[in-house]
Amino acid sequence: MKHVESTPPLAAHDNIRAVQWVGDRLRLLDQRKLPFEEAWIDCRNANEVAQSIRDLVVRGAPAIGIAAAWGVVLAAQRGDDLDDALAALRAARPTAVNLMAALDRMRACADAGADATVLAREAQAIQDEDLAANRAMGAMGAALISPGSGVLTHCNTGSLATSGFGTALGVIRAGYTSGNIARVFAGETRPWLQGARLTMWELQRDRIPATLIADSAASHLMKSGEVQWVIVGADRIAANGDTANKIGTYQLAIAARHHGVTFMVVAPATTVDMATSSGEGIDIELRDPTELLGCAGQRVVANGAQAWNPVFDVTPHELIDVLVTERGVITQPDATSLRAVFGKPGAH
Ligand code: MRU
């Protein structure tokens, strides 16, 4: 795996790059195979990128936006129909608005007459800006946390899910480095196990001690007093602050409020959707129920059983204590505070 330069002392905590442009194809670290196999997939056209997004080869809201932007570059390089490419990429997954934001930006660039070289510059800018946002959010989020605190996170919001460093995991990386975070707990995140397979892998690589818990252990953990913060990412934040994130986030927010644990959402501006007024308007992805009927590829539920598999939920803004974006910290986010920072709705 490629090791990337970074600013000390965080350099030791920032060495994974899962989305890599290599000039004529997009290399993706296959997240379905982690943690035991580090396999890479090469995408050579927009449809292959869309397929990789759909199949969770690449996942996490910012990362799928970045991958999709490179998918548009591939289409331009090959002389493929850009409208078809944009439509295929947009349809890959419905919930994370970063995908739509990145494609809107690439379309605007193409509409302004950009060729493949200029589009590649735009895709690289999207990728670079995400990394810069993550580093800024990491510093701001970590500064909110009192020294010696324990935190619980959910899903994977790290380098694998972004350009690098991560959103919620970026705050954890920065907070661990500064000493503000002393204990990290990660929920396993059924059914796809992003917490168990991916977050634990990232934290182990970075030598940040972390403890895995079953998703169902979260309230018990909060009651124990071991964690003072729940820190999560987001896939889409509506104009009133309602936040879609990995399924299980909502119940963590409810439990956090009950136990006096502070709830922080960390996400770049590309995750904010001012065109959707509240969480009611967010399209929640339903995935194949068979993802729930087994574990690690092994069927565990009696044949003939049914399952319901929504993979995101919406946390009402009233349950969010702090929203950290690269534009600053918003406490108790709501329609007024978001409008002050993000302005009027744009269309996705
Ligand atoms: O289904 P996934 O793995 O793409 O879901 C990812 C999440 O829910 C993350 O918490 C979110 O995208 C933020 S990643 C910085």
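Analysis parameters
- Residues numbered from 1 in each chain as written.
- Predicted model: local features only at pLDDT ≥ 70, side-chain atom pairs only at ≥ 80, totals over all residues.
- Heavy atoms only, no water.
- Near = heavy atom within 4 Å.
- Polar contact = N/O pair within 3.5 Å; in protein donor to acceptor, adjacent residues only side chain to side chain.
- Areas by Shrake-Rupley, 256 points an atom, 1.4 Å probe, with all protein chains shown as cover.
- Helix = DSSP H or I, 4+ residues; strand = E, 2+ residues; numbered from the N terminus.
- Axes fitted to C-alpha atoms, helices over the stretch in contact; angles between N-to-C directions.
- Parallel < 35°, antiparallel > 145°, perpendicular 65-115°, else oblique.
- Contact = heavy atoms within 4.5 Å.
- Nonpolar A, V, L, I, M, F, W, Y, C, P; charged D, E, K, R; others polar.
- Phe/Tyr/Trp six-rings, centres within 6.5 Å; stacked < 30°, edge-to-face > 60°.
- Lys NZ or Arg CZ within 6 Å of the ring centre and 35° of its normal.
- Pairing = 2+ DSSP bridges.
- Salt bridge = Lys/Arg side-chain N within 4 Å of Asp/Glu carboxyl O.
- Buried < 20%, exposed > 50% of the residue type's maximum accessible area, 1.4 Å probe, protein only.

1. Quick look at the site of the ligand
Okay, step 1: Inspection of the region around the ligand gives 17 residues, with R59, R93, D235, N245 and K246 positioned closest.
Okay, step 2: Between an oxygen atom of the ligand and a side-chain N or O atom of Q194, the distance comes to 2.8 Å.
Okay, step 3: In the complex, 99% of the free accessible area of the ligand, which totals 410 Å², lies under the protein chains.
Okay, step 4: Of all the secondary-structure elements, those providing two or more residues to the shell around the ligand are α2 (61–78) and β9 (243–246).

2. Describing the packing of helix α1 (residues 46–54) against helix α3 (residues 82–90)
Okay, step 1: Between α1 and α3, the shortest axis-to-axis distance is 8 Å and the interhelical angle comes to 5°. In terms of orientation, α1 lies roughly parallel with respect to α3. Across the interface between the two elements, A46, N47, V49 and A50 of α1 pack against A85, A88 and L89 of α3.
Okay, step 2: Of the residues belonging to the contact of α1 with α3, the class tally is six nonpolar, one polar and no charged.

3. As for the side chain of D321
Okay, step 1: Among the secondary structure elements, D321 is positioned in the loop between β14 (312–315) and β15 (322–325).
Okay, step 2: One polar contact links D321 to R257, side chain to side chain, over a distance of 3.3 Å.
Okay, step 3: Residues contacting D321, with those up to four places away along its chain left out, are R257, V261, T262, F263, I330, T331, Q332 and P333.

4. Quick word on the packing of aromatic side chains
Okay, step 1: Overall, the coordinates contain one aromatic pair when judged by the stated rule.
Okay, step 2: Its end group placed over the ring of W192, R197 keeps NZ or CZ at 4.5 Å from the ring centre.
Okay, step 3: Here the guanidinium or amino end of K246 rests over the ring plane of F312, the centre of that ring lying 4.3 Å away.

5. Observations regarding the sheet that holds strand β8 (residues 236–238)
Okay, step 1: Pairing is mixed across the open sheet formed by four strands, whose spatial order is β11-β8-β9-β14. Where the open sheet ends on each side, the last strands, each with one partner, are β11 (272–273) and β14.
Okay, step 2: In this sheet, β9 lies alongside β8 in antiparallel orientation, the contact comprising two bridges. By the bridge assignment for β9, I237 is matched with T243.
Okay, step 3: In the packing of helix α9 (residues 249–259) onto the sheet, the strands contacted are β9 and β14, and the crossing angle to β14 comes to about 35°.

6. What to know about the pattern of salt bridges
Pairing between side chains becomes possible if they bear opposite charge and their charged atoms approach one another.
Okay, step 1: In this structure the tally under the stated criterion is 20 salt bridges.
Okay, step 2: Among the salt bridges present, the one from R107 reaches D83, with a minimum N-O distance of 3.3 Å. Within this pair, whereas R107 is found in helix α4 (residues 97–111), its partner D83 is found in helix α3, the two being separated by 24 residues in sequence.
Okay, step 3: Taking relative accessible area as the criterion, R107 reaches 33% and is therefore assigned partly exposed.
Okay, step 4: The shortest N-O distance in the salt bridge between R257 and D321 comes to 3.3 Å. Here R257 is found in helix α9, whereas its partner D321 is found in the loop between β14 and β15, with 64 residues between them in sequence.
Okay, step 5: By relative accessible area, R257 is classed as partly exposed at 40%.
Okay, step 6: The structure contains a network of salt bridges with shared partners spanning D24, R25, R27, D42 and R44.

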